Structures are given as structure tokens and as C-alpha cells.
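Residue-level structural notes
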Amino acid sequence: MTSVSADLPVVVIGGGPAGLMAAIGAARQGIHTVLLEKGDRLGRKLLISGGGRCNVTNARGTEHIIANIPGNGRFLYSSLAKWSSDDIISFFTTLGVQLKEEDRGRMFPVTNKAMTVLNALLGELSDLDVDVRLLSPVSALDYEEGGGVYRIDLHGNGYLRANAVIVASGGCSAPETGSTGDGYAFAQGFGHTLVPPYPTSVPLVSSDPLITARHLQGVSLRDIVLTLYDPRGKVATREEGDMIFTHFGLSGPAVLRVSQYAVKLFQKHPDAKLKLAIDIMPAVTREQFLENVWGRIEEHPRRGFKTIMKDVAPERLVEAALRIMGFASDQLAAEVGKKQLEALYEFLKEFPVAISGTLGLERATVTGGGVGLQGIDPRTMQSKLVPGLFFAGEIMDVHGHTGGYNITVAFSTGYVAGAAAADYVRVGRAANTCPTKSF
Ligand SMILES: Cc1cc2nc3c(=O)[nH]c(=O)nc-3n(C[C@H](O)[C@H](O)[C@H](O)COP(=O)(O)OP(=O)(O)OC[C@H]3O[C@@H](n4cnc5c(N)ncnc54)[C@H](O)[C@@H]3O)c2cc1C
């Protein structure tokens, strides 16, 4: 059945955190708002974010947040000045969601359930009478020149006409959640440039014999430091945190942070093998290590050296290091000399793994690239090319590390775009004002 709706003031495309917050931002200005989501549920990616607990934002403030958004963080100064992480925290607290701060400033609901966050957003949409339409995939977006109206095609199921449209259809990572990059074509249709999407915050792949032989699969390391080298041996990045060895390579928070640098190096040097060095004991000095292990050797000279080392570093990692360094598998503690110990210390401080690639966009946490920022006004998220068109969230060429930074981008740009779109339909322009904070 083909149907045509009457003109609508604001239509939001996409029911992720950016679209949900955009709809709230517009509706709180008293503007009738329609939210179109192609799936049968809202916030699917939000529900799996932060390990299913939803890392809603980061409490360490704007400078810290921008420093953790290596993909064009500076574009967000204006948006975060209007709708900051403090505003996000107040927003949820006012809606009855208790939040708690964990390591590195990460904020989670006290319930540890992303559903708590989503339910709060859905309740607010309902209170504001936002017209939510599920199973409504947008297939095309056109601007009716002269009419000041957008035509939004609903995939053979009629079309809508709106004065302002906010495209919040996400990137194209984890496509099973509905984010399949549909909005890129809409933006390009209006002359916006597209920075080709690439995976970020993505596990690293290794063809190193250590990995292929699966000697280390499942070994997890806490508070390590990773150093990634470029093909010329220069340090590309150094990141700290936790990691885990998998059957194909490496994953975990520190690895995801390294990955965006690896992706960029592989774009330039597709056949390179990049050296990643793991400092498995960054807080331990050479003297401390030698004194500790030497003391154990003197205490138990007839024990196997491997056994002595069990309490110093993860067993399977030590076994691998000793094998690579040519220690005999049954070497006694008393047979280990000081030179060998020093060499072992160096090895454990720079445990090398050859990285041959990354997993693809479908396994990435975040999409790098997207709608080019030179075409978007950072104060309002409005297109600089056509009036009344706005963008919010991961569809834009912005990407952060994991740690609540991407969801902060989605919420902040979403709210600012929603409020600016409401201004646009009310007064004919997206005023650069501070959105009303009704809490
Ligand atoms: C496993 C995982 C864990 C994550 N953990 C974290 C974390 O801990 N911290 C963090 O900050 N970030 C995390 N992220 C990233 C974060 O979830 C995203 O950056 C965020 O969801 C982006 O929000 P968005 O609204 O821009 O896009 P999305 O959440 O992708 O939402 C886009 C929505 O638009 C809909 N849509 C798409 N095309 C159309 C169309 N044509 N018509 C109608 N609707 C459409 C989609 O169905 C989807 O619902 C994680 C991501 C994943 C996959």
C-alpha cells in the first residue's frame, strides 16, 4: 500500500542512541517528532555496548573525552560545550537511572543492565509523544527544491514529507544491529563527501606461530602496556590496559585502542607484518625482577626454572618465552645464569607478536570514516550544503576509543542536532543556542 503523509516538522532516521537523543532534543522544544527505525526494536547496539551494561558516558570531562576520540575529537568541542558528559549524567539521573563510576571514568547504570538505560530513553520518548515507527526502513532521501521539504522514501511503503531531517543511521560495524551504512548514500546524494569507512576498536589478527599453534589462546593479561611499531620500527602508539590472546590474534581493551593505528598502517602497507610488543610487567624494574627471581633460584636451586617463574608471570606466557629464547624445557633453576635472567627480563618487557591484520568492519566495535565533517556545522550538526538536514552519531567521520566515548558522541551530537532541528522548523534557522536542559 502506498501512502503519503502530511508534512511533518522533524523526522529522525535511526533508533540508536544518537537518534533516540535527537528525537528527545527536538520533542523537548515542543516540536512534533517522528522517529523511523528499520528494525523491530530500538537501541539494539546500545543494548550490547559495554558488555551489555552500556557505558553511558565518561565522567572525566570534555578534555579527557576529546583526547580519547582519535577520530576528529576536536570537531566535538562545540557540541560537548552544549551537551556534555555532565549533562548526560544529569539527564539519566533525573529520569531515575542511578549511575556509578568505574575505572578510567567509565559510567554505567548501577543495575549493570543496558536495558535500564534504554528503558529510560523509551519512557522519555513516550512522555514527549514522539511518534516512533518501527519496521520503517528509509530507502531514499530527497530534497524538494523550492518547497523547503524533504521526501523520505519508506522502501516501497509510501513516503513522508518533512521540514527537517536528522540522519542518525549509524556506521556499518556490527551490521546485525541494523547499522549497515544506509545513511552514507543519503548524505552523498546531497553532495556530502564520504570518508571511506574502516574498522576501528577491532581485534588484531596474527599469523605468528605462537598464535597459530594456539599456545596462548585464552591467556588474559591485566594492566600491560602495548607498543605498536610501524614498518620502519618507529613507535606508532603505546597503550595500556588489559588484553586477551584469542585463536586468531589479540583482543581486549588495550588491543582495541591500538587497533585504529594498526588499521591506518595496514591501509598504507597492506602486506606488512607489524611488530607489537607487550610489556607484561610495566611496573617492575630490572632490579626488582632480578632480585625477586634470583632470590627464588637461591631458595630452590633444584626446582625446574619454569616452576620458579610461575609466580612471577603467567605460566603459559613464560613457557612460550622460555621456548622462544632456547631454554631447555627441564632446565633447573640452578642452571640459569644472570645473563640469561637479564635477557628474559628484556623479553618479558617487549614480548613480541607479529600482527598481520585486523578483523573486518563486521567485527569492529566502531566505524572509522563516514560523512565528511567539512560539510557539517559543528555547532548545530546541520549540513552546510542543504538547510534542514542534520547528522548525529557514528554516521559522521568521528570515532572514539571504547570507554563511553562513542556513546557520548551519539548522545551529545544527537541532542544538539535535535534541538537545532527544532529551532530550524520554528524560526527558519538552526540557531546556535544552548539547548534547553529540562532537568
Ligand atoms: C559490541 C559493541 C560494544 C560497544 N561498546 C561500547 C562502549 O563500551 N562504549 C562506547 O562508547 N561505545 C561502544 N560501542 C559503540 C556504540 O555502541 C556506537 O558508537 C553507538 O551505538 C552509535 O550510535 P548511533 O546512534 O550513531 O548508531 P547505531 O547505534 O548504530 O544506531 C543506528 C540505528 O539506525 C538504524 N538504521 C540504519 N539504517 C536505517 C534506515 N535506512 N532506516 C531506518 N533506520 C535505520 C539502525 O537499525 C540502528 O538502530 C560498542 C559497539 C559495539 C558493536
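What you are looking at is a predicted structure, and each value in this text was computed from that prediction instead of being measured.

**Here we look at the overall build of the protein**
From N to C terminus, the protein includes 14 helices and 19 strands. Its C-alpha atoms give the protein principal-axis dimensions of roughly 85 × 45 × 35 Å. For the protein, with 439 residues in total, the buried portion stands at 47%. Sequence separation of at least 24 residues holds for 73% of the intrachain contacts in the protein that already meet a minimum separation of 6.

**Some thoughts on the nonpolar core**
With 82 residues, the main nonpolar core has V10, V11, V165, I166, F390 and A421 as its most contacted residues. By residue number, the principal contributor to this core is helix α14 (residues 405-427), which donates 14 residues. Apart from residues no more than four positions distant in its own chain, A421 is found in contact with V10, A26, A164, I166, F390 and A430. Among the nonpolar cores identified, the runner-up in size contains 41 residues, and V202, L204, L221 and L322 belong to it.

**Remarks on the site of the ligand**
Around the ligand, 38 residues are found, and the nearest of them are G14, G16, G170, G178 and G393. Where the shell around the ligand is concerned, the elements lending two or more residues are α1 (17-27), α2 (44-52) and α14. Here the element with the most residues in the shell around the ligand is α2; it accounts for 6 residues. For the shell around the ligand, the per-class residue count stands at 14 nonpolar, 18 polar and 6 charged.

**Quick word on the sheet that holds strand β5 (residues 106-109)**
With respect to topology, 3 strands assemble into an open sheet ordered β3-β5-β4, the strand pairing being antiparallel. Edge positions in the sheet fall to β3 (57-58) and β4 (99-101), since each has one partner strand and no second. Strand direction decides the pairing type here: β4 and β5, joined by 3 bridges, are antiparallel. The residue of β5 that forms the bridge with K100 is F108.

**As for the sheet that holds strand β12 (residues 220-229)**
The 7 strands lie next to each other as β16-β15-β12-β13-β14-β11-β17, forming an open sheet whose pairing is antiparallel. Both outer strands of the open sheet, β16 (351-355) and β17 (357-358), are each paired with one neighbouring strand and no more. Two strands pair when backbone bridges link them, and strand β11 (residues 204-205) and β17 are joined in this way by 2 bridges, in the antiparallel orientation. In the strand pairing of β17, L204 is matched with T358.

**Topic: the domain arrangement of the protein**
Partitioning the protein into structural domains gives domain 1 (4-198 + 366-427) and domain 2 (203-359). Spacing between the C-alpha centres of domain 1 and domain 2 amounts to 40 Å. At the interface, 5 residues of domain 1 touch 5 residues of domain 2. Residues belonging to the side of domain 1 that touches domain 2 are distributed by class as follows: 2 nonpolar, 3 polar and no charged.

**A few points about the pairing of strand β13 (residues 235-245)**
Relative to β13, β12 is paired through 8 bridges, and the arrangement is antiparallel. Paired with Y229 across the bridge in β13 is V235. Count of turn residues in the β12/β13 antiparallel hairpin: 5 residues, of which G233 carries a positive phi of about 90 degrees. Taken together, the 2 bridges between β13 and strand β14 (residues 249-251) define a ladder with antiparallel strand orientation. The residue of β14 that forms the bridge with F245 is L250. Where β13 folds back on β14, the antiparallel hairpin that results is connected by 3 residues.

**Some details on the packing of α2 against helix α6 (residues 114-127)**
The angle between the axes and the distance between the axes are what describe a pair of packed helices. Where α2 contacts α6, the two axes come as close as 8 Å, and the packing angle between them is 150 degrees. Two packed elements cross with a definite hand, and for α2 against α6 that hand is right-handed. Contact residues: α2 offers L46, L47, S49, G50 and G52, while α6 offers A114, M115, V117 and L118. Grouping the constituent residues of the contact of α2 with α6 by class yields 6 nonpolar, 3 polar and no charged.

**A short note on helix α9 (residues 253-268)**
An ideal rise of 1.5 Å per residue puts 22 Å on 16 residues; α9 measures up with 24 Å between its terminal C-alpha atoms. Along α9, the helix axis deviates most sharply at S259, where the bend reaches about 35 degrees. Listed in full, the buried residues belonging to α9 are A254, V255, L256, R257, V258, S259, Q260 and A262.

**Digging into unusual backbone geometry**
Although it is not a glycine, D129 adopts a positive phi angle of roughly 60 degrees. Of note, D129 is situated in the loop between α6 and β6 (131-133). Although it is not a glycine, S201 adopts a positive phi angle of roughly 45 degrees. In this fold, S201 is placed in the loop between β10 (194-200) and β11.

**Structural notes on the confidence of the model for the protein**
When pLDDT drops low, the exact placement of atoms in the prediction is not to be read closely. Of the residues in the protein, 96% have a pLDDT of 70 or more, and the chain-wide mean is 94. Scored below 50 in pLDDT, residues 1-6 makes 6 contacts in the model with residues more than four places away or belonging to other chains.

What counts as what
Residues numbered from 1 in each chain as written. Predicted model: local features only at pLDDT ≥ 70, side-chain atom pairs only at ≥ 80, totals over all residues. Helix = DSSP H or I, 4+ residues; strand = E, 2+ residues; numbered from the N terminus. Buried ≥ 20, exposed ≤ 12 C-beta atoms within 10 Å, placed from the backbone. Contact = placed C-beta atoms within 7 Å. Core = buried A, V, L, I, M, F, W, Y, C linked by C-beta atoms within 7 Å. Near = placed C-beta within 6 Å. Nonpolar A, V, L, I, M, F, W, Y, C, P; charged D, E, K, R; others polar. Pairing = 2+ DSSP bridges. Domains from an automatic or database assignment. Axes fitted to C-alpha atoms, helices over the stretch in contact; angles between N-to-C directions. Left-handed = near helix turned anticlockwise from the far one by under 90°. Expected span 1.5 Å × (residues − 1). Bend = angle between axes of the 7 residues up to and from the residue. pLDDT = per-residue confidence, 0-100.

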